[in-house]
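# Geometric and topological summary
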Amino acid sequence: MAVDQPVEGEPFVTTDGTIHETPAEHKVFPPFDATTYASQLLWFAITFVLLYYLMAKVAIPRIGGILEGRRDRIAADLDQAERLKGESEDAEAAYEKALAEARGRASSIADTAREGAKSKAEAQRVEVEASLAGKLADAESRIAEIKNQALAEVGTIAGEAADAVVNSLIDANVSAEEVKEAVADVIAARNANA
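Residues numbered from 1 in each chain as written. Predicted model: local features only at pLDDT ≥ 70, side-chain atom pairs only at ≥ 80, totals over all residues. Heavy atoms only, no water.

### Section: the packing of aromatic side chains
Applied cut-off: The pairing test for Phe, Tyr and Trp rings, Trp by its six-membered ring, is centres within 6.5 Å, and the orientation test on the planes gives stacked under 30 degrees, edge-to-face over 60, and tilted for anything in between.
Inspection of the entire model under this criterion finds three aromatic pairs. Connected via pairs of aromatic rings, a cluster forms that spans Phe44, Phe48 and Tyr52.

### Considerations on the pattern of salt bridges
What counts, and what does not: Basic side-chain nitrogens of Lys or Arg form a salt bridge, by our definition, when they fall within 4 Å of a carboxyl oxygen of Asp or Glu. Only runs of H or I of at least four residues qualify as helices and only runs of E of at least two qualify as strands under DSSP, and these elements are numbered from the N terminus. Remark: exposure states derive from per-residue accessible area (1.4 Å probe, protein chains only) relative to the maximum for the residue type, with buried under 20%, exposed over 50%, and partly exposed in between.
Applying the stated criterion across every chain yields a total of five salt bridges. A salt bridge links Arg71 to Glu68, with the shortest nitrogen-to-oxygen separation between them at 2.6 Å. With Arg71 and Glu68 both in helix H1 (residues 37–170) and three residues apart, the pair spans about one turn of that helix. A salt bridge links Glu87 to Arg83; its shortest N-O distance comes to 2.9 Å. Of the two residues, Glu87 and Arg83 both sit in helix H1, four residues apart, roughly one turn of that helix. Looking at Arg83, the relative accessible area reads 43%, which means it is partly exposed. Here the salt bridges do not stand alone but share partners, grouping Glu122, Arg125 and Glu129 into one network.

### Digging into the environment of Ala164
Relative to the helices and strands, Ala164 resides in helix H1. Exposure remark for Ala164: the relative accessible area of 45% places this residue in the partly exposed category. Taking C-alpha positions, Ala164 is 9.7 Å from Val174, a pair spaced ten residues apart along the chain.

### Details of a nonpolar patch on the surface
This is how the line gets drawn: Two distance rules govern patches: like charges are joined within 9 Å, and nonpolar side chains (Val, Leu, Ile, Met, Phe, Trp, Tyr) within 5 Å, applied only to residues with over 30% relative accessible area and no salt bridge. Residue exposure ignores everything except the shown protein chains as possible cover, and the areas themselves are Shrake-Rupley values with a 1.4 Å probe.
A contiguous nonpolar surface patch, about 430 Å² in accessible area, is contributed by Leu42, Trp43, Ile46 and Leu50. Here Leu50 shows up in helix H1. Assessed through its relative accessible area of 52%, Leu50 is described here as exposed.

Put into C-alpha coordinates, the structure is as follows:
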(Lines give C-alpha, C1' and ligand atoms only; values in the text may rest on other atoms or scores of the structure.)
Protein backbone atom coordinates (compact mmCIF):
# COMPACT_ATOMS: atom_id res chain seq x y z
CA MET A 1 0.00 0.00 0.00
CA ALA A 2 1.45 3.09 -1.18
CA VAL A 3 0.14 6.26 0.29
CA ASP A 4 0.58 9.59 -1.32
CA GLN A 5 1.33 12.45 0.94
CA PRO A 6 -2.06 13.84 1.84
CA VAL A 7 -2.70 17.58 1.55
CA GLU A 8 -4.18 19.02 4.61
CA GLY A 9 -7.87 19.73 4.27
CA GLU A 10 -8.41 17.39 1.27
CA PRO A 11 -9.51 13.75 1.35
CA PHE A 12 -7.10 11.22 0.05
CA VAL A 13 -7.54 7.71 -1.33
CA THR A 14 -5.30 4.82 -0.48
CA THR A 15 -4.28 2.16 -3.05
CA ASP A 16 -6.84 -0.26 -1.80
CA GLY A 17 -9.53 2.29 -2.68
CA THR A 18 -10.63 3.54 0.76
CA ILE A 19 -11.13 7.22 1.28
CA HIS A 20 -9.49 8.76 4.29
CA GLU A 21 -9.82 12.20 5.66
CA THR A 22 -6.90 14.38 6.43
CA PRO A 23 -5.92 14.87 10.05
CA ALA A 24 -7.28 18.47 9.98
CA GLU A 25 -10.85 17.17 9.65
CA HIS A 26 -10.44 14.94 12.71
CA LYS A 27 -10.30 18.03 14.94
CA VAL A 28 -14.03 18.46 15.57
CA PHE A 29 -15.45 20.36 18.61
CA PRO A 30 -16.28 17.47 21.02
CA PRO A 31 -19.91 18.45 21.80
CA PHE A 32 -20.63 18.42 18.08
CA ASP A 33 -18.95 15.09 17.50
CA ALA A 34 -21.74 12.61 16.75
CA THR A 35 -19.77 9.71 18.10
CA THR A 36 -19.83 11.17 21.65
CA TYR A 37 -23.57 12.13 21.78
CA ALA A 38 -24.58 9.15 23.91
CA SER A 39 -21.93 9.74 26.59
CA GLN A 40 -22.67 13.47 26.56
CA LEU A 41 -26.39 12.86 27.11
CA LEU A 42 -25.62 10.40 29.92
CA TRP A 43 -23.33 12.84 31.74
CA PHE A 44 -25.82 15.65 31.10
CA ALA A 45 -28.60 13.60 32.74
CA ILE A 46 -26.37 12.64 35.71
CA THR A 47 -25.21 16.25 36.21
CA PHE A 48 -28.77 17.56 35.89
CA VAL A 49 -30.07 15.11 38.48
CA LEU A 50 -27.20 15.89 40.88
CA LEU A 51 -27.64 19.63 40.47
CA TYR A 52 -31.41 19.30 40.83
CA TYR A 53 -30.94 17.24 44.00
CA LEU A 54 -28.42 19.78 45.45
CA MET A 55 -30.71 22.68 44.58
CA ALA A 56 -33.81 20.98 45.98
CA LYS A 57 -32.21 19.67 49.18
CA VAL A 58 -29.50 22.25 49.99
CA ALA A 59 -29.62 25.56 48.12
CA ILE A 60 -33.36 26.27 47.94
CA PRO A 61 -34.00 25.45 51.64
CA ARG A 62 -31.10 27.69 52.61
CA ILE A 63 -32.38 30.50 50.39
CA GLY A 64 -35.89 29.94 51.77
CA GLY A 65 -34.51 30.09 55.33
CA ILE A 66 -32.61 33.27 54.53
CA LEU A 67 -35.72 34.85 52.98
CA GLU A 68 -37.86 33.73 55.93
CA GLY A 69 -35.27 35.14 58.35
CA ARG A 70 -35.24 38.42 56.47
CA ARG A 71 -39.03 38.50 56.41
CA ASP A 72 -39.12 37.85 60.16
CA ARG A 73 -36.43 40.48 60.82
CA ILE A 74 -38.27 43.02 58.64
CA ALA A 75 -41.54 42.25 60.45
CA ALA A 76 -39.78 42.59 63.83
CA ASP A 77 -38.17 45.86 62.71
CA LEU A 78 -41.54 47.17 61.53
CA ASP A 79 -43.13 46.15 64.85
CA GLN A 80 -40.30 47.83 66.76
CA ALA A 81 -40.60 50.94 64.58
CA GLU A 82 -44.35 51.04 65.24
CA ARG A 83 -43.74 50.58 68.97
CA LEU A 84 -41.08 53.30 68.99
CA LYS A 85 -43.39 55.57 67.00
CA GLY A 86 -46.11 55.01 69.61
CA GLU A 87 -43.61 55.71 72.40
CA SER A 88 -42.44 58.89 70.68
CA GLU A 89 -46.05 60.02 70.23
CA ASP A 90 -46.69 59.27 73.91
CA ALA A 91 -43.52 61.15 74.85
CA GLU A 92 -44.58 64.08 72.67
CA ALA A 93 -48.04 64.10 74.29
CA ALA A 94 -46.44 63.97 77.75
CA TYR A 95 -44.11 66.80 76.74
CA GLU A 96 -47.02 68.89 75.48
CA LYS A 97 -48.95 68.18 78.70
CA ALA A 98 -45.94 69.04 80.88
CA LEU A 99 -45.38 72.19 78.83
CA ALA A 100 -49.03 73.21 79.26
CA GLU A 101 -48.82 72.51 83.01
CA ALA A 102 -45.58 74.50 83.25
CA ARG A 103 -47.18 77.40 81.39
CA GLY A 104 -50.19 77.21 83.73
CA ARG A 105 -47.92 77.16 86.78
CA ALA A 106 -45.86 80.01 85.37
CA SER A 107 -49.05 81.98 84.76
CA SER A 108 -50.31 81.30 88.29
CA ILE A 109 -46.89 82.18 89.73
CA ALA A 110 -46.88 85.38 87.68
CA ASP A 111 -50.42 86.17 88.86
CA THR A 112 -49.46 85.44 92.46
CA ALA A 113 -46.32 87.56 92.13
CA ARG A 114 -48.32 90.35 90.47
CA GLU A 115 -50.95 90.23 93.24
CA GLY A 116 -48.22 90.09 95.88
CA ALA A 117 -46.43 93.06 94.32
CA LYS A 118 -49.74 94.92 94.02
CA SER A 119 -50.65 94.22 97.66
CA LYS A 120 -47.12 95.11 98.78
CA ALA A 121 -47.24 98.33 96.76
CA GLU A 122 -50.69 99.07 98.22
CA ALA A 123 -49.39 98.39 101.72
CA GLN A 124 -46.39 100.64 101.07
CA ARG A 125 -48.68 103.30 99.63
CA VAL A 126 -50.94 103.13 102.69
CA GLU A 127 -47.88 103.23 104.94
CA VAL A 128 -46.42 106.20 103.06
CA GLU A 129 -49.80 107.97 103.08
CA ALA A 130 -50.12 107.31 106.80
CA SER A 131 -46.59 108.58 107.33
CA LEU A 132 -47.29 111.62 105.18
CA ALA A 133 -50.60 112.18 106.96
CA GLY A 134 -48.75 112.01 110.29
CA LYS A 135 -46.09 114.37 109.05
CA LEU A 136 -48.79 116.65 107.61
CA ALA A 137 -50.64 116.58 110.93
CA ASP A 138 -47.40 117.35 112.75
CA ALA A 139 -46.63 120.11 110.28
CA GLU A 140 -50.14 121.55 110.60
CA SER A 141 -49.95 121.42 114.39
CA ARG A 142 -46.54 123.12 114.28
CA ILE A 143 -47.89 125.66 111.79
CA ALA A 144 -50.90 126.24 114.04
CA GLU A 145 -48.60 126.51 117.03
CA ILE A 146 -46.31 128.89 115.17
CA LYS A 147 -49.36 130.78 113.90
CA ASN A 148 -50.80 131.02 117.40
CA GLN A 149 -47.42 132.00 118.73
CA ALA A 150 -47.04 134.49 115.89
CA LEU A 151 -50.55 135.78 116.45
CA ALA A 152 -49.82 136.06 120.14
CA GLU A 153 -46.66 137.93 119.32
CA VAL A 154 -48.50 139.89 116.61
CA GLY A 155 -50.71 141.26 119.29
CA THR A 156 -47.66 142.28 121.27
CA ILE A 157 -45.84 143.58 118.19
CA ALA A 158 -49.02 145.30 116.97
CA GLY A 159 -49.50 146.79 120.41
CA GLU A 160 -45.93 148.09 120.47
CA ALA A 161 -46.30 149.40 116.92
CA ALA A 162 -49.66 151.01 117.69
CA ASP A 163 -48.21 152.57 120.85
CA ALA A 164 -45.28 153.93 118.84
CA VAL A 165 -47.60 155.24 116.10
CA VAL A 166 -49.97 156.83 118.59
CA ASN A 167 -47.06 158.40 120.48
CA SER A 168 -45.51 159.76 117.34
CA LEU A 169 -48.75 161.00 115.80
CA ILE A 170 -50.61 162.52 118.67
CA ASP A 171 -47.88 162.70 121.15
CA ALA A 172 -49.99 161.12 123.84
CA ASN A 173 -49.27 158.38 126.24
CA VAL A 174 -51.61 155.45 125.98
CA SER A 175 -51.54 152.64 128.45
CA ALA A 176 -50.39 149.23 127.33
CA GLU A 177 -53.69 147.85 128.50
CA GLU A 178 -55.70 150.05 126.13
CA VAL A 179 -53.42 149.20 123.20
CA LYS A 180 -53.84 145.49 123.93
CA GLU A 181 -57.61 145.74 123.97
CA ALA A 182 -57.70 147.67 120.68
CA VAL A 183 -55.41 145.15 118.97
CA ALA A 184 -57.47 142.23 120.34
CA ASP A 185 -60.66 143.83 118.97
CA VAL A 186 -59.07 144.20 115.50
CA ILE A 187 -57.78 140.59 115.53
CA ALA A 188 -61.19 139.26 116.63
CA ALA A 189 -62.93 141.20 113.86
CA ARG A 190 -60.46 139.89 111.32
CA ASN A 191 -60.93 136.27 112.47
CA ALA A 192 -64.70 136.69 112.34
CA ASN A 193 -64.49 137.87 108.67
CA ALA A 194 -62.16 135.05 107.66
